[in-house]
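The lines below spell out each chain.
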Amino acid sequence: MRQLFLLGLALLCLSQKSFGQEFEEYRLVPGDVLNIVVLNDPSLSGEQTVSPDGFIRLPIVGAIRAAGLTLDELTESLKQALSKFIRTPKIAVNLKQFPASLRRVYVLGEVRRPGVYQIPPGVTPTIFDAVALAGGFTENADLKQVRVFKKNGQNSIFNLRELPVDENFINPGDLVWVPSSFVKVSVVGTVEKGGLYDVPVHGTLVDALAAAGGVKEEGAIIRVFRAGIELLSVNWSELSKGFVPTVKLQEGDTILVSIPTISGIVVTGAVMRPNTYDLKGNITLLGALALAGASVEPGKPLQVRVLRQGQEVLKVFWQENSTPVKEFSQSLQPGDVVLVEPMVLRATIVGPVRKPGSYLLPVGSKIVDLLAKGEEILPNADLSGTYLLRRGENKPVDLLKLLWEGEISENLELQEGDVLLIPATRKVWVAGAVIRPGAIEYQPRMTVVDAISASGGPISLDTSDLSAVRIVSGNDIKVINLEGAFKGGSVPNYPLKPGDVVIVPERAKAYIYGAVLKPGAIRLQEGDTVLTALSNAGGPMADARLDEARLIRFVKGQAIVMKLDLSKALSRGDLSQAPVMQPGDVLYIPPRRRPEWDISRVIGLTTGLATAIYYLSRSR
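The structure reproduced in this document is the subject of the present report.

## Concerning the overall build of the protein
- Along its length, the protein carries 13 helices and 35 strands.
- Taking all 620 residues of the protein together, the buried fraction comes to 44%.
- The contacts of the protein with a sequence gap of at least 6 include a subset with a gap of at least 24, amounting to 57%.
- Taken as a whole, the protein presents about 31,400 Å² of accessible surface, with 52% of it coming from carbon and sulfur.

## Some remarks on the environment of Leu-421
- Its location among the elements puts Leu-421 in strand β25 (residues 419-421).
- Residue classification places Leu-421 among the buried residues on the basis of a relative accessible area of 6%.
- Distance in space between the C-alpha atoms of Leu-421 and Phe-149 is 8.3 Å, their sequence separation being 272 residues.
- With sequence-adjacent residues up to four places away left out, Leu-421 is seen in contact with Phe-149, Leu-175, Val-350, Thr-386, Tyr-387 and Leu-389.

## As for a nonpolar patch on the surface
- Taken together, the side chains of Val-368, Leu-400, Leu-403 and Trp-404 present a nonpolar region at the surface, about 410 Å² in accessible area.
- Here the nonpolar patch takes three residues from helix α9 (residues 399-404), the largest share from any one element.
- With a relative accessible area of 69%, Trp-404 lands in the exposed category.

## A short note on the packing of aromatic side chains
- Counted under the stated rule, the structure contains three aromatic pairs.
- Here the aromatic rings of Phe-128 and Phe-137 are separated by 6.4 Å at their centres, their planes lie at 90 degrees, and the arrangement is edge-to-face. Per residue, the accessibility class of Phe-128 equals that of Phe-137, and both read buried.
- Between the aromatic rings of Phe-149 and Tyr-387, the centroid separation amounts to 5.7 Å while the plane-to-plane angle is 40 degrees, which identifies the pairing as tilted.

## As for the sheet that holds strand β35 (residues 586-589)
- If you trace the five strands from one edge of the open sheet to the other, you get β32-β31-β35-β33-β34, paired in mixed fashion. Where the open sheet ends on each side, the last strands, each with one partner, are β32 (520-523) and β34 (558-564). Ignoring which end each strand starts from, the neighbouring axes of this sheet average 25 degrees apart.
- Direction of pairing for strand β33 (residues 549-555) relative to β35: antiparallel, over a ladder of three bridges. By the bridge assignment for β35, Leu-551 is matched with Leu-587.

Thresholds, definitions, all that
Residues numbered from 1 in each chain as written. Predicted model: local features only at pLDDT ≥ 70, side-chain atom pairs only at ≥ 80, totals over all residues. Heavy atoms only, no water. Helix = DSSP H or I, 4+ residues; strand = E, 2+ residues; numbered from the N terminus. Buried < 20%, exposed > 50% of the residue type's maximum accessible area, 1.4 Å probe, protein only. Contact = heavy atoms within 4.5 Å. Areas by Shrake-Rupley, 256 points an atom, 1.4 Å probe, with all protein chains shown as cover. Patch = residues over 30% accessible without salt bridge, like charges linked within 9 Å, V, L, I, M, F, W, Y side chains within 5 Å. Salt bridge = Lys/Arg side-chain N within 4 Å of Asp/Glu carboxyl O. Phe/Tyr/Trp six-rings, centres within 6.5 Å; stacked < 30°, edge-to-face > 60°. Pairing = 2+ DSSP bridges. Axes fitted to C-alpha atoms, helices over the stretch in contact; angles between N-to-C directions.

Next comes the structure, spelled out in structure tokens:
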């Protein structure tokens, strides 16, 4: 293994030649610093920074969009803009500086210095280059199972023993995970030599017991603890005959090999010397901790639990500068098990959040606690494609269900070393009154009109309210009018970003029936009154009973009937008889020609009609 490790370090040096090779064409973002040279015109040349709105600004031509473009595309845009003033302009555009936050790679696992590292501008590194930034591999690194998690949610496994020097490029935002070949577990009790042992990742319980020299008592019971919880209890006789437990060993597990009449005490967990210690007279909890080499570090409190005959009899918290003297002075009894557990864990959040990075959290923290450390989820986060990386295995996590639907089963409890990976989406969503609502692939320089068109376009100009299209980008909501664009007019340039949501609302409708020229559904604009509705329906017929009009409005599913005298509204301008209509309202104007007409029948007829319309409209 040591030879392999040295070979890996040598490869780190050889792989430096991969720097500078192109792998993915870079697209500009706000904050990039450019050097622009216009031949024979120094007044137009110089340094430009892509502003927060995505533009650069040059003399003569003014603002030119840069964000989202490659260097070649921006060069072409500048040529076209300057060609109005300069014949055949010659332009060179170079990238001088990237924003540091966009040039990060994450290197975690079995490396010397796990963390976040900056990539030099213009460099597309390999896995070896990234590991070199993190100080190289540790001796426990499993070079056959190195994983690279892309910022778009995809991941690949590389066998670095096969030396794919030209095939292991990574990009900014990627995470390199170097797994361990072993997990470290505590084996204590009636074994030849208790202590901490490295067991192969796919090793068995028998492998761990063999590392401790084997079991000394045939009648021993093998118990496996994880975070203080007993996961398994099996007789050694069964295990030695070939019984295969379902529990897969993990880092930090404790294996207690006990017999009913154990004469000592067991100290295990976060201690230097986990073992069984024979009692010689009275021993306190503090004495047992001292024997096992337990100590508390600054900022990393411990929890100490004492189990007696399977029951917890004592639990104390131990922090720096706060030793619980009273509890630690208590005497232990033969057979007691002392579990020392960390009270904090380190977890990492990676992806489009305001503050990605590693954080210390209390033991028992969950995914939402880690999200809170990241402060804000950015608009281009793929919430449904998130996953939790745990010791090289990834568990899917649907943050969309967790945050929007309250699905608490997605709020997993964190473990030491967990990494929450939130990929960046390359989609935009179009919802509402379009032919094919849903997600569409984001394209560079995509506009709102492009997105609506890619969704099949509006259902119809009568149904889709293009005057109030909403763009939701994170916490920002913008309302724009696109009616002209879809009626042959000029097309406004409203650019989108990955993760944006476009909502095309359906035009508000009300209904008018009875003695009017054009009964049925009518379009409703903000501020329209019953008189507006009457006008849109062609006006009243000659025999209309305007003084007996009825407006039916649904409030929480209940029909409310309002009597209106529209003759007063028309002849006297009495606006109290002409209220503003709301979506879903039904206006009924009875005719005079029915001699059997009376108020009770009108109310029954109009309410029944409105109810049918209300529920039919909701079922569409």
